[in-house]
Amino acid sequence: NPTDDSLSETYDKGATAIGGQPAIFNNKAYFSLGDAVDMQELTTVNTPPTDDTFTTATGVKALHMTVVNDLLWRGFNTAQVSSCSTTPTTSGNWGSAYPFGDPGKKITSLAEYGRWLYMGKEDGAYSGDEEGNAKQLLPEIRVITDSTNCHGMTVWHGYLFIPHKGGLYRHTIDGGSRPIGPEEA
């Protein structure tokens, strides 16, 4: 409710839904709900008390999503990624699944930086190379595994900021990463 900032609508997809990183793709909003619940497309935004409407992407799971080079990317099945160029609610439109990093470490975020896909996982941040191989950005801290590592990984002022249990890291497009304090953010 805009007059008192109260919540006038809820959206419950059940106890197994885990809200992940959403994405805007082709002027539509998509919501990732974890590996157990199909992702959703916001179809119609209504004025309360009428609920908004959503379209279920049957068979399409997503932990997190982001857009890179006009493709919608999703992380799913704990440690895999795939992309889509059109109509992500149709499961056949998604490309092949690619494993990224340790298959037992869960994806915690996705980001676009430069023209590359970056992935946060429980054991740190990764980027892909031209051949689609995963490269760990901070190998020295991979032993500090935590389910919250890289949550909120984002690009700001030309840097990729990587929150990690071992500290906050700033990554540059040329490949350099270093820990930073608040005075350097």
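Residues numbered from 1 in each chain as written. Predicted model: local features only at pLDDT ≥ 70, side-chain atom pairs only at ≥ 80, totals over all residues. Heavy atoms only, no water.

Okay, the sheet that holds strand 16 (residues 177-180) next. Hydrogen bonds between backbone atoms are what pair the strands of a sheet, whose relative direction is either parallel or antiparallel. Sheet architecture is open: four strands sit in the order 13-14-15-16, paired in antiparallel fashion. A single partner strand is all that each edge strand has here, and the edge strands are strand 13 (154-156) and strand 16. On average, each strand axis in the sheet is tilted by 35° relative to the strand beside it, whichever way the strands run. (Pairing = 2+ DSSP bridges. Helix = DSSP H or I, 4+ residues; strand = E, 2+ residues; numbered from the N terminus. Axes fitted to C-alpha atoms, helices over the stretch in contact; angles between N-to-C directions.)

Detailed reading of predicted coordinates is not advised where the pLDDT is low. Taken over all residues, the pLDDT of the chain has a mean of 87, while the share at 70 or more is 89%. Confidence, read as mean pLDDT per element, is least for strand 12 (residues 134-136) in the chain (85) and greatest for strand 6 (residues 71-76) (95). (pLDDT = per-residue confidence, 0-100.)

On to the side chain of Ser-32. You can see Ser-32 is positioned in the loop between strand 2 (28-31) and strand 3 (34-44). At 3.0 Å, the side chain of Ser-32 and the backbone oxygen of Gln-21 are in polar contact. With residues near it in sequence (within four places) discarded, Ser-32 still touches Ile-18, Gly-19, Gly-20, Gln-21, Pro-22, Met-39, Ala-62, Leu-63, His-64 and Met-65. (Polar contact = N/O pair within 3.5 Å; in protein donor to acceptor, adjacent residues only side chain to side chain. Contact = heavy atoms within 4.5 Å.)

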